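Descriptive structure summary
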Amino acid sequence: QVQLQESGPGLVKPSQTLSLTCTVSGVSITGNDYAWSWIRQPPGKGLEWMGTIAWGDNTYYNPSLKSRVSISRDTSKNQFTLQLSSVTPEDTAVYYCARVDPRFGGTDYWGQGTQVTVSS
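Residues numbered from 1 in each chain as written. Predicted model: local features only at pLDDT ≥ 70, side-chain atom pairs only at ≥ 80, totals over all residues. Heavy atoms only, no water.

**Some details on the pattern of salt bridges**
A side chain with one charge may pair with a side chain of the opposite charge, provided their charged atoms come close. Counted under the stated rule, the structure contains 6 salt bridges. The salt bridge involving Arg40 is made with Glu48; its shortest N-O contact spans 2.6 Å. By relative accessible area, which is 5% here, Arg40 ends up buried. A relative accessible area of 21% means that Glu48 is categorised as partly exposed. A salt bridge links Asp91 to Arg68, with the shortest nitrogen-to-oxygen separation between them at 3.0 Å. Within this pair, whereas Asp91 is found in the loop between β8 (79-84) and β9 (93-101), its partner Arg68 is found in the loop between β6 (59-61) and β7 (69-74), the two being separated by 23 residues in sequence. Residue classification places Asp91 among the buried residues on the basis of a relative accessible area of 2%. A single salt-bridge network, built from bridges that share partners, covers Arg40, Glu48, Arg68 and Asp91. (Salt bridge = Lys/Arg side-chain N within 4 Å of Asp/Glu carboxyl O. Buried < 20%, exposed > 50% of the residue type's maximum accessible area, 1.4 Å probe, protein only. Helix = DSSP H or I, 4+ residues; strand = E, 2+ residues; numbered from the N terminus.)

**With respect to the sheet that holds β8**
With antiparallel pairing, the 4 strands of this open sheet are ordered in space as β1-β3-β8-β7. Each edge of the sheet is formed by a strand with only one pairing partner; in this case those strands are β1 (3-7) and β7. Taking each pair of neighbouring strands and ignoring which way they run, the sheet shows an average axis angle of 20°. Here strand β3 (residues 18-25) pairs with β8 via 6 bridges, running antiparallel. From the neighbouring strand, Leu18 faces β8, where its bridge partner is Leu84. (Pairing = 2+ DSSP bridges. Axes fitted to C-alpha atoms, helices over the stretch in contact; angles between N-to-C directions.)

Don't take any of this as a statement about function, it's just geometry.
What follows is the structure in structure tokens.
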């Protein structure tokens, strides 16, 4: 059974770097079968794709966030991470990690989400 679980601080101060980890179980994040994404939903708004790490550790980022976002993975721990720098209160959101199945080009498994609030 595939499961994803986000973890990280629930409160981050403005100008700091937000770091979240997604721990994956039931499937290896190594290899080319799947890609792995971060998605967020600010309060009262829709889902926003932040970025994806795919085969060969190629990364793809939302252009609106590209200068601040970084995704990497630790295959020894079966985890992938999100870093978002220079956060502001507008980065307050529920953050989700998800698996991407390239056979249909969409996400098929999601974590439950973790609330991150940016506030001093």
